[in-house]
Each structure stands twice: as structure tokens, then as C-alpha cells.
Amino acid sequence: MNRCRGTGYSGGAISRDLSMSLREFSDTGQEKRPGFVLVFFCALAVAVLSAFPVRAQDAFRPAAVVNDEVISVLDLAMRMRLAIVGAGVQDSQDVRRRLTPQVLRGLIDERLQMQEAQRLDISVSDDQVARALEQISQQNNMSEGQFLTMLRNRGIIPTTLIDQIRAQIAWENVVQRRLRPTIEISNEEVQVVVDRLTARQGSIERRVAEIFVAVESAAQEQEALANANRLLEQVRAGANFAGLARQFSQSATASLGGDRGWVQDGELAEELNLALAQMGPGQVSIPVRTPAGFTILLVRDMRKNEGQEIDRSRIQSNLVNERLNQLAQRSLQELRRTANVDVRI
């Protein structure tokens, strides 16, 4: 029984998350019994291991250690399963092999982000997590209970998703508290975009989604490009673009499934504008190199700009978000640089 604690979930943490999300347990009151929760967790872990290719004796072995905090092989297997189900890709040994480095990197980054939030005494409330979970359920056209049942039926421990949500919110809070106050967008910067858009009235608008892979250094460029190309292969093989973006994109739009909304011709960085100009509805770009990394674009829809009013506040918000995303990537890069990370698989 004690080995179940090796995954990083304490009885209290499991009880809190399950009581928040698994309504059927709340109705019976069983989530208040730590013994019940640990028995449930272990039983579910055994069921998952039988359906997922992880040997039972390896389940609680460290896949990586991040500043003395363990990511177990079971943690990695669960997140891999979540990524595969969320992206709608075929579960095969080759797919798992290709995605494992990115999945593990995501888990390591989340540990670093949560550790930074804890250092800054930034917490995430259960209500925040519950609202995000409800939103994801609605995006999948399910109630929260139906969505969590679907996860369990596909061999995913619900706390896998809950932990991911909690880390995303914690990092957003860190970014907003530490980095947002440092950003100022001048009226002149906004006017440059307004003038460009005004000159293109009557042009095309596109509903755009993105998957972004950051390039942290020149030495890491080929690895980032390889990761982006692997994600593109999954999209072309029929994977769900929004699911891949939610699991693997390093942009602030990841939690929205990569959705950037309607983008006017000329609104984005020049490299992305050039790529979009060649694309129609349903088309996906190759990875486009920008100063910050590689972006895969999806055009969901198109319409003609019939002289819609230019929204200066939206332009300013977009400029802030782009700069904030760059600063967040640099901050995460610094956390990686100073961390003690030991990958053991």
C-alpha cells in the first residue's frame, strides 16, 4: 500500500482532487476516507498498467527527478495516455516512442512551474481547477461526470488531468504576477498595426489555430524542429489539432486548444502572415520559423473583411500577449537552466 505514495500523490491530495471532480464519490462521502482513496488509486493503477505497456515492477521507478521531486514511470505513462486520447492519435509503440520525449519534457516543465509558484507562495484554488475542468468537459460536449468517466474508461487516472490543469493555472498566475507588470505597449506600437490593417480593409480574415514549439538556443534548434515535425506528422495522420495543441504547444493559447480566433491579413508576425497568405480552410502549414521558435498553423475558416471596425484594445491585448509569451518562455528557460534535472529513462 505504501508504494502507492511513490507517485507523488498523498492520500490527502487524492482525496481533495477526487472530492472536487468525481461527483459520485462526493455523493457517497467515500472520498473522506483516505484508506478508501488509496485502495481506489492502487486498484485503478493496476487496471491501467494491465491496459498500458508499463511493467508493474517499473511503475513507481523514477522516470526523472526534478530538484529532488520524482516523476514516476506511472506518471509518465498516465500523461502519455492522456496525450494520446486528447489528440485522438492511434495508440501504438511507434507513436509512444515518438511522443515520449515531448511528454516527459512537459511533465518536467510543469514540476518546475509548480515549484516556482510554491516559491512565490502562489496557490491554485480547487474552484479554479473545477472551473477549468468544467470548461474542458463542455468543449468535449460532455458533462463533467461523463468526461471523467470517459477518462477512466480509457485507462487515465483523473488526477493526471487535474494535475496538468493545476500546473497550467499556477504558471499563468506566476506570469501575470511577475511578468505582466513589466510590459508596456505604446500608442505608437498600436498605431503601426492599425495603419497596416486599415490599408488592408477588404482583405481576408482567417480563423487560425496554432501549435508553437520554442527554440531556446541555437544548439536546440534542430531538436525543436524535429519535435514540430513529429507533431505535424500526427496532424496529417488524423490527430486532433486542438488536442495536440493543448498537450504540446508552448504558446499561451495552448489551454484554448491553440485557438487564436479571427486574424486579419497582416495582423501577425511577417513570417506567419506570409504562410497564412498561401493557406485556405482546413489547411495546415509546415513549421514556420519565427524569432521565438516554430509555429504550425491551421486555418479553420475564412471570410472577407467587410470593413469591420478596427479594435485598438484587441490589438493592444494581442501585442501584450505576444510579449508576455516571449518573457514567459525566457523565464521557463531560466528555470530549466538552474534546475537539477535527472532523466532516468
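These numbers were taken from a predicted model, which means no experiment stands behind them.

Enquirer: Describe the pattern of salt bridges, listing the residues and the values that go with them.
Expert: Under the counting rule described, the total for this entry stands at 23 salt bridges. A salt bridge links arginine 260 to glutamate 210; the shortest N-O distance between them is 3.3 Å. Residue arginine 260 is located in strand β4 (residues 259–264), and its partner glutamate 210 is located in strand β3 (residues 204–214); the two are separated by 50 residues in the primary sequence. Note on arginine 260: relative accessible area 25%, which makes it partly exposed. Residue classification places glutamate 210 among the buried positions, given a relative accessible area of 5%. Measuring nitrogen to oxygen at the nearest pair gives 2.9 Å for the salt bridge that ties arginine 344 to aspartate 342. Connected via shared salt-bridge partners are Asp94, Arg97, Arg98 and Glu233.

Enquirer: Lay out the packing of aromatic side chains in plain terms, naming residues and giving numbers.
Expert: Within the structure shown, the criterion is met by 0 aromatic pairs. Over the ring of tryptophan 262 we find arginine 303; its NZ or CZ atom is 4.0 Å from the centre of that ring.

Enquirer: Kindly report on the packing of helix α8 (residues 158–178) against helix α13 (residues 312–338), identifying the contributing residues and their values.
Expert: Axis separation between α8 and α13 bottoms out at 11 Å; the angle between their running directions is 110°. Classified by the angle between their axes, α8 and α13 sit roughly perpendicular to one another. Handedness of the α8/α13 crossing: right-handed. Counted together, Trp171, Val175 and Gln176 of α8 and Leu324, Ala328, Ser331, Leu332 and Leu335 of α13 form the full contact between these two elements. Of the residues that constitute the contact of α8 with α13, the class distribution is 6 nonpolar, 2 polar and no charged.

Enquirer: Tell me about the pairing of strand β2 (residues 69–72), and please be specific about residues and values.
Expert: Both faces of the sheet carry side chains from a regular strand, because those side chains alternate between them. When strand β1 (residues 62–66) meets β2, the two strands line up antiparallel, connected through 4 bridges. By the bridge assignment, alanine 64 is partnered in β2 with isoleucine 71. Adjacent in sequence and paired antiparallel, β1 and β2 are bridged by 2 residues, among which asparagine 67 carries a positive phi angle near 50°.

Enquirer: Explain the side chain of arginine 111 to me, and be specific about the residues and the numbers.
Expert: Mapped onto the fold, arginine 111 is located in helix α5 (residues 93–119). Ignoring any residue separated from it by four or fewer positions in sequence, one finds arginine 111 in contact with Val66, Glu69, Val70, Ile71 and Asp75.

Enquirer: Which residues make up unusual backbone geometry, and what are the values?
Expert: Backbone geometry at asparagine 67 places phi at a positive 50°, although glycine is not the residue there. Of the residues examined, asparagine 67 reaches a relative accessible area of 34% and is grouped as partly exposed. Even without glycine at this site, aspartate 68 takes up a positive phi of about 75°. By the element assignment, aspartate 68 lies in the loop between β1 and β2.

What counts, and where the lines are drawn
Residues numbered from 1 in each chain as written. Predicted model: local features only at pLDDT ≥ 70, side-chain atom pairs only at ≥ 80, totals over all residues. Heavy atoms only, no water. Salt bridge = Lys/Arg side-chain N within 4 Å of Asp/Glu carboxyl O. Helix = DSSP H or I, 4+ residues; strand = E, 2+ residues; numbered from the N terminus. Buried < 20%, exposed > 50% of the residue type's maximum accessible area, 1.4 Å probe, protein only. Phe/Tyr/Trp six-rings, centres within 6.5 Å; stacked < 30°, edge-to-face > 60°. Lys NZ or Arg CZ within 6 Å of the ring centre and 35° of its normal. Axes fitted to C-alpha atoms, helices over the stretch in contact; angles between N-to-C directions. Parallel < 35°, antiparallel > 145°, perpendicular 65-115°, else oblique. Left-handed = near helix turned anticlockwise from the far one by under 90°. Contact = heavy atoms within 4.5 Å. Nonpolar A, V, L, I, M, F, W, Y, C, P; charged D, E, K, R; others polar. Pairing = 2+ DSSP bridges.

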